[in-house]
Amino acid sequence: MTLELPPTRQSLDLSATKFITPEKPDKSNRLASTKAGGKMVAQYWENIFTAKERGKHVVWYNGTALNPIFQAAGLEWCHGEAFSARLAAMHLEGPAQAAGEEYGYIGELCSYARTHLGCAVMTQKGITEKQSGIVGMVDQDELAAKLPSPDFFVNAYAGCSTGQQWDAMTYRVFGKEFPLFNVSLPMIWGNKKDSGYLRGSEWEKTPLYVEEQLKKLIEFIEYQTKTPFDWDALSENMYYIKKASELRLEAMALCAAAPTPATYWDWVASIAPINFLPANQLLVDYFQGVKDEIEQRIRDNVSAVANERYRVYFDGIMNWNKLGFLTRKFAEYDVAVVAGRYTHDSFWQEPDLIDLDRPLLGMAQHYLICPINHGLKIMEELLLKRCDEYGIDGIAFHSTRTCRAMTNPQHILARTAERDRGIKSFFFEGDVADASFYKDESLESGLVAMLESIDQQRSKARV
Amino acid sequence: MTDFRLRGFSRLQAAAQDPIGYARSWKARTGRPVIGSFPMNFPSELVHATGALPLIVQESRTPITEGRSLLPEFYCSYTRSVADQAAVGELDVFDAFVLADHCVQLLGAADVIRWAKPETPMHFAQFISSMDDPWSGAQVRDKVDALRVEVEEIVGVTVTPEVLGASIRLFNSNRRLLREFYDRRKSGALRISAGELQVLVKSSMVMDIEEHTSILNDMLDGLDVDSAAPASLVRLHLSGHFCAPPRVELLDLIEECGVLVVNDDLYHGTRYISTDVPETGDPFDALATWYLDRNVSAPCGTRVQRNVDWDSYLVASLEDSRADGVITLMAKFCEPLMLYYPELRRVLDDRGIPVLLIETEHEGLAAESVRTRVETFVERISRKKVAA
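Residue positions are given per chain, counted from 1 along the sequence in the order it is written. Labels are handed out in written order, letters beginning with A for the chains and numbers beginning with 1 for the ligands. For a predicted model such as this one, the threshold for reporting local features is a pLDDT of at least 70, and the threshold for listing and counting side-chain atom pairs is 80 or more; totals across whole chains, interfaces and linings nevertheless cover every residue. To get the side-chain values, take all heavy atoms of the structure and skip hydrogens and water.

1. Some remarks on the overall build of chain B
Moving on, step 1. Labels follow the DSSP assignment, with helices taken as runs of H or I lasting at least four residues and strands as runs of E lasting at least two, numbered in each case from the N terminus. Scanning chain B from terminus to terminus reveals 15 helices and 8 strands.
Moving on, step 2. C-alpha atoms define the radius of gyration, and 2.2 Å times the number of residues to the power 0.38 defines the globule rule. The C-alpha radius of gyration of chain B comes to 20 Å, within 12% of the 21 Å expected for a compact globule of 388 residues.
Moving on, step 3. The principal-axis extent of the C-alpha atoms belonging to chain B is close to 65 × 50 × 45 Å.
Moving on, step 4. A simple rule labels every residue: compare its accessible area, found with a 1.4 Å probe on the protein chains alone, to the largest value its type can have, and call it buried under 20%, exposed over 50%, or partly exposed in between. Each of the 388 residues in chain B was classed as buried or not, and the buried ones make up 64%.
Moving on, step 5. Whether two residues are in contact is decided by their heavy atoms: any pair within 4.5 Å suffices. The contacts of chain B with a sequence gap of at least 6 include a subset with a gap of at least 24, amounting to 77%.
Moving on, step 6. For chain B, the distance from the average position of its 41 positive side-chain charges to the average position of its 57 negative side-chain charges is 3 Å. Charge counting follows a simple rule: Lys and Arg are positive, Asp and Glu are negative, and His as well as the terminal groups are ignored. Working definition for charges: the position is that of NZ of Lys, CZ of Arg, CG of Asp or CD of Glu.

Structure follows, in structure tokens:
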């Protein structure tokens, strides 16, 4: 028997019944000074791409900010996550990820790792095609294929067990031809009762072990480059880092003002400069410029988000594919994302630890306070501190699909913030460098629900 | 023929199926503490030397409930299960937890335990995962000491070299016996399924080691030589799963497809029993040596060592067992295996060794889909053998 249906009279095109979002005005007001950072970063990478032609030694490294050491050693340095993030931010990650996928890397693997491994595959292909260590001209138009091949690798990954293995695999992709040096950074787990952020016996002891490894790293670099290490240059580099960091933190502190003169997104735009650009006066000038602009905004009563009504903290690693989009999205709801774990608890965030007479110890300490290298106890302490500093109303947890290191404590942190400060939160899905994991509905519904909860909370408080 | 299954196997099976139940009854029987540790490289001998029961926390078969709101869905089944067990009170039997390994997902689960059971001591002595650096040995030795101090404090007993030495000999003896089952299977002298072998190894991670050894001895005693397996069966090596055991149903299903599993490098298998602790010299040094040796005798994809490769170890192992192919069992979201698998596949492909990847999950087994894939894989190998 066939089921007879009446002929369809209605059009199957239902688009007219859909809710059409009108073009919304951009309520975000980003700092102008960060554009200078964008130019500096672009110049940095352009310089890297020609490193081989200039006869420079190239180091590929992953994890923490070893660049002041590389700079003092006269190397050119390529940071794996940074390059993956750049590709994603420019929406150019596709070719590298496709190369990685073809090689066999599954989509659930850390998207930084698989993007960078894809770059390694492409660069290695260039080498095997005998293009003098640089990818062939055919591929030159693809940014992902432009990395110069390494002379050696250095891994110094904090807080994530994937990091070290990722470089071990990169080493293999290049046929185990290039030397690899591992700096092992133990977790600051907080085993003892006296443990806490920058305190306790675990904290006192662990940096000394890392400092010793950094000395060995320098010996390794000297061996590779056949050049004595320039210790004075390292101290000089750390002077600039310290100065830049102080300015950055002073500028961040100004954002405790309500409405905030700058947002988390401005600090995201400033990550590359502090994380891997050469340490020099330009770096200091950049953060001086950012601070000056923020001070000017405070004087002129200019806010970073029109009609700031909510102050939100961002927990999770950055979704590089969506930087501009998220900036506008939160502002659309009168939300100023003021601070975040990724920006505020990373990247030379404790300049007082830097001792120019003993630079390696301060560096070791910074590497260990990477915001994914703590146990829960310290992360709870840091989250509450930031919430208090910046008058936070709510927390956006970016459930970063392929970054387990960042997502590890998030559910418990959400409970802690609610329990100890009554701070509401929501989770949304996304990823660092793979746009396919981002779910707009997840952000939209979660954000709206959280803001309604905050409104209710405020109403009750007024009664 | 003497059937080993008649000689205590059911006791091992009961412990393997219900580790928490075993721990409860052991604790009631002895009045001594139970200390939970985590895969993959914890030296259980150290806990045993205090008189406590060292028990490697196992993935539970229970569906995940409370744990869903504590760790994201995109975590491996073992860590989500551990978090869930902590949240629902399944882990209350443990008097303390000690960790040695640094797997980023496992650390998430460990934090959930600390949060759910704040009164229970938990200690993390991170063993270095870069194995061939000049400081690796000293680092591991240092962490062994940190673990010693911690377990001594928890149990209230000082671990002397003599007592630790005795514990080391007991564990070595247990591993040797387990390897005997493996060797007999490989040589064709014993027909034992992959699932049954898993029971033997898994129960050794759970039970009092002397009790376990006694049962193993009894099982081996008088065991006759089996008739050889039919030559028509395709000989396979099972690879992967660094932490949790693959489901026994999955192993059975694979073997139902005309397969003879002749070896593995699974954690609940060869990897766990691969290496003995040196019995001479300082026993604390010996535990550190064991950790470093272990990655040489059975390399793990979670370690970094330039002069050791899991893939070349696997190829040598295949030659030794005369396996025709490899089934890689990948726990979904296991990053170390996701990272290493392309290298593994490349080396096997280069040598013309067939490999099949099966992703496993905590809940559910797509049995018919897996069966079809394994049957096709077996057919492919069979045709290749005929052609050769």
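2. With respect to the packing of aromatic side chains
Residues and elements named next belong to chain A.
Moving on, step 1. Working definition: rings of Phe, Tyr and Trp (its six-membered ring) pair if their centres are within 6.5 Å, and the pair is stacked with planes under 30 degrees apart, edge-to-face with planes over 60 apart, and tilted otherwise. Evaluation of the coordinates by the stated rule reveals 40 aromatic pairs over all chains.
Moving on, step 2. Geometrically, the ring pair formed by Trp 45 and Phe 49 is stacked, given 6.4 Å between the ring centres and 25 degrees between the ring planes. Linking Trp 45 with Phe 49, this pair stays in helix α1 (residues 34-49), spanning 4 residues, or about one helical turn. As far as burial versus exposure is concerned, Trp 45 and Phe 49 are alike and both buried.
Moving on, step 3. Seen in terms of ring centroids, Trp 265 and Phe 314 are 5.5 Å apart; in terms of plane orientation they differ by 70 degrees. Their pairing is edge-to-face. Taken as a pair, Trp 265 in helix α9 (residues 264-269) and Phe 314 in strand β5 (residues 310-315) lie far apart in primary sequence, 49 residues in all.
Moving on, step 4. Residue class for Trp 265 comes out buried when judged on its relative accessible area of 2%.
Moving on, step 5. By relative accessible area, which is 0% here, Phe 314 ends up buried.
Moving on, step 6. Ring pairing ties together the aromatic residues Tyr 264, Trp 265, Phe 314, Phe 325, Phe 330, Phe 426, Phe 428 and Tyr 438, which thus form one cluster.

3. Notes on the environment of Val 159 of chain B
Residue and element names in this part refer to chain B.
Moving on, step 1. With respect to the helices and strands, Val 159 occurs in the loop between α6 (136-155) and α7 (161-187).
Moving on, step 2. Sequence separation between Val 159 and Val 370 is 211 residues, and the spatial gap between their C-alpha atoms is 48 Å.
Moving on, step 3. Leave out the neighbours within four places in its chain, and Val 159 touches Leu 46, Ala 49, Thr 50, Arg 148, Glu 152, Leu 164 and Phe 284.

4. Considerations on the sheet that holds strand β4 (residues 122-124) of chain B
Strands pair in a sheet through their backbones, by hydrogen bonds, and they do so in one of two ways: parallel or antiparallel.
Residues and elements named next belong to chain B.
Moving on, step 1. Judged by pairing direction, the sheet is parallel, and its 4 strands sit side by side in the order β2-β1-β3-β4 without closing on themselves. In this open sheet, the two strands that pair with only one neighbour each are β2 (53-56) and β4. Put simply, the sheet's adjacent strands are angled 25 degrees from each other on average, direction ignored.
Moving on, step 2. Bridge analysis of strand β1 (residues 34-37) against strand β3 (residues 96-99) gives 3 bridges, and the strand direction is parallel. Looking at the pairing, Ser 37 lines up with Val 98 of β3.
Moving on, step 3. Axis definition: a line fitted to C-alpha atoms, over the contacting stretch in the case of helices. Angles run 0 to 180 degrees between N-to-C directions. This element, helix α2 (residues 19-30), spans β1 and β2 of the sheet and lies at about 175 degrees to β2.
Moving on, step 4. The strands touched by helix α5 (residues 104-116) are β3 and β4; relative to β4, the strand with the most contacts, the crossing angle is about 155 degrees. Strands are treated as partners if at least two bridges between them are detected by DSSP.

5. Some remarks on the domain arrangement of chain B
Residue and element names in this part refer to chain B.
Moving on, step 1. Where each domain begins and ends follows an automated or database-derived domain assignment. Each assigned domain of chain B is listed with its residue range as follows: domain 1 (26-157) and domain 2 (229-387).
Moving on, step 2. Just the C-alpha atoms count here: the centres of domain 1 and domain 2 sit 25 Å apart.
Moving on, step 3. Counting from both sides, the interface comprises 40 residues of domain 1 and, opposite them, 34 residues of domain 2.
Moving on, step 4. What gets called buried area is simply the loss in accessible area from a 1.4 Å probe that two parts show on being joined, summed for both. Surface buried jointly by domain 1 and domain 2 totals about 3,100 Å² across both partners, of which 59% is contributed by carbon and sulfur atoms.
Moving on, step 5. Of all residues in domain 1, the largest losses of buried area upon contact with domain 2 belong to Met 40, Arg 61 and Met 131, amounting jointly to 23% of the total for that side.
Moving on, step 6. The working definition used for a salt bridge is a side-chain nitrogen of Lys or Arg within 4 Å of a carboxyl oxygen of Asp or Glu. Linking domain 1 to domain 2 there are 7 salt bridges.
Moving on, step 7. With a closest N to O distance of 3.0 Å, Arg 306 and Asp 132 form a salt bridge.

6. Some points on unusual backbone geometry
Residue and element names in this part refer to chain A.
Moving on, step 1. With an omega of 0 degrees, the peptide bond between Ala 258 and Pro 259 qualifies as cis.
Moving on, step 2. As for its placement among the helices and strands, Pro 259 is situated in the loop between α8 (231-254) and α9.
Moving on, step 3. Look at Lys 226: it is not a glycine, yet its phi comes out positive at around 55 degrees.
Moving on, step 4. Residue position: Lys 226 is located in the loop between α7 (201-225) and α8.

7. Remarks on the pattern of salt bridges
Moving on, step 1. One pass over the full model with this rule turns up 64 salt bridges over all chains.
Moving on, step 2. Note that Arg 311 of chain A is salt-bridged to Glu 308 of chain A, the shortest N-O span being 2.9 Å. Each member of the pair, Arg 311 of chain A as well as Glu 308 of chain A, is classed as buried.
Moving on, step 3. Among the ionic contacts, a cluster of salt bridges with common partners joins Arg 172 and Lys 176 of chain A together with Asp 309, Asp 311, Glu 343 and Arg 346 of chain B.

8. Overview of the interface of chain A and chain B
Moving on, step 1. Taken together, the contact between chain A and chain B spans 51 residues of the former and 49 residues of the latter.
Moving on, step 2. The interface formed by chain A and chain B contains 7 salt bridges.
Moving on, step 3. With a shortest N-O distance of 2.2 Å, Asp 311 of chain B and Arg 172 of chain A are connected by a salt bridge.
Moving on, step 4. Distance and chemistry together define a polar contact, namely a pair of N or O atoms within 3.5 Å, with one atom able to donate a hydrogen and the other to accept it when in protein, and with adjacent residues in sequence counting only for side-chain atoms on both sides. Our count for the chain A to chain B interface comes out at 30 residue pairs in polar contact (both at pLDDT 80 or more).
Moving on, step 5. Secondary-structure elements contributing two or more residues to the side of chain A that touches chain B are α4 (94-103), α6 (161-173), β4 (180-182), α7, α15 (376-389), β7 (394-400), α16 (404-407) and α17 (410-421) of chain A.
Moving on, step 6. When residues of the side of chain A that touches chain B are assigned to their parent elements, the largest contribution, 10 residues, is made by α6 of chain A.
Moving on, step 7. The nonpolar class holds Ala, Val, Leu, Ile, Met, Phe, Trp, Tyr, Cys and Pro. Asp, Glu, Lys and Arg form the charged class, and all remaining residues, Gly among them, are polar. Across the side of chain A that touches chain B, the residue classes break down as 22 nonpolar, 18 polar and 11 charged.

9. A few points about the side chain of Ser 203 of chain B
Moving on, step 1. The topology assignment puts Ser 203 of chain B in helix α8 (residues 194-204).
Moving on, step 2. Not counting chain neighbours up to four residues away, the residues in contact with Ser 203 of chain B comprise Leu 12, Ala 15, Ala 16 and His 212 of chain B.

10. With respect to the nonpolar core
Moving on, step 1. Counting 279 residues, the largest nonpolar core has Ile 69 and Leu 214 of chain A as its most contacted members.
Moving on, step 2. Considering each element in turn, this core owes the most residues, 9 residues, to α8 of chain A.
Moving on, step 3. Looking at this core, you find at least three residues from each of domain 1 (26-157) and domain 2 (229-387) of chain B.
Moving on, step 4. Filtering out sequence-adjacent residues up to four positions away, Leu 214 of chain A remains in contact with Leu 66, Ile 69, Val 183, Leu 360, Met 363, Ala 364 and Tyr 367 of chain A. Working definition of a nonpolar core: buried Ala, Val, Leu, Ile, Met, Phe, Trp, Tyr and Cys residues. They are joined through side-chain atoms within 4.5 Å.

11. Things to note about the pairing of strand β8 (residues 355-360) of chain B
All names here are of chain B.
Moving on, step 1. Of the strand pairs in this sheet, strand β7 (residues 325-331) and β8 are connected by 6 bridges, and their pairing is parallel. Bridge assignment links Thr 328 to a residue of β8, and that residue is Leu 357.
Moving on, step 2. Crossovers are marked right-handed if the path from the first strand over the helix to the second runs clockwise, as seen with the strands pointing away from the viewer. What joins β7 to β8 is helix α14 (residues 335-350), and the crossover it makes is right-handed.

12. Details of the sheet that holds strand β3 (residues 152-156) of chain A
Residue and element names in this part refer to chain A.
Moving on, step 1. Across the sheet, 4 strands lie side by side as β2-β1-β3-β4; this open sheet has parallel pairing. Taken across any chain shown, the strands that pair with only one partner, and hence form the sheet edges, are β2 (76-79) and β4. Here the average twist between neighbouring strands, direction ignored, is 20 degrees.
Moving on, step 2. Pairing analysis gives 5 bridges linking strand β1 (residues 58-63) to β3, with the strands arranged parallel.

13. Section: the confidence of the model for chain B
Moving on, step 1. Values of pLDDT, which run from 0 to 100, indicate the predictor's confidence residue by residue. The share of residues in chain B with pLDDT of 70 or more is 99%, and the mean pLDDT across the chain is 95.
Moving on, step 2. Taken together, the chains of this predicted complex give a pTM of 0.94 and an interface ipTM of 0.95.

14. Regarding the packing of α15 of chain A against α17 of chain A
The relative placement of two packed helices comes down to the angle between their axes together with the axis-to-axis distance.
Residues and elements named next belong to chain A.
Moving on, step 1. Between α15 and α17, the shortest axis-to-axis distance is 10 Å and the interhelical angle comes to 50 degrees. Put simply, α15 runs oblique to α17. The chirality of how α15 crosses α17 is right-handed. Residues Leu 376, Met 379, Glu 380, Leu 383, Leu 384 and Asp 388 of α15 pack against Ile 412, Leu 413, Thr 416, Ala 417, Asp 420 and Arg 421 of α17. Throughout, the term roughly parallel applies to angles under 35 degrees, roughly antiparallel to angles over 145, roughly perpendicular to angles from 65 to 115, and oblique to all others. Left-handed is the label given to a crossing in which the near helix is rotated counterclockwise from the far helix by less than a right angle, and right-handed is the label when the rotation is clockwise.

15. Focus: the packing of helix α1 (residues 9-17) of chain B against helix α9 (residues 209-220) of chain B
Residues and elements named next belong to chain B.
Moving on, step 1. At a closest axis distance of 9 Å, the pairing of α1 and α9 adopts a crossing angle of 140 degrees. Taken together, α1 and α9 sit at an angle that is classed as oblique. The chirality of how α1 crosses α9 is left-handed. Together, Phe 9, Arg 11 and Leu 12 of α1 and Glu 211, His 212, Ile 215, Leu 216 and Met 219 of α9 make up the contact between the two elements.
Moving on, step 2. In the contact of α1 with α9, the residues fall into 5 nonpolar, 1 polar and 2 charged.

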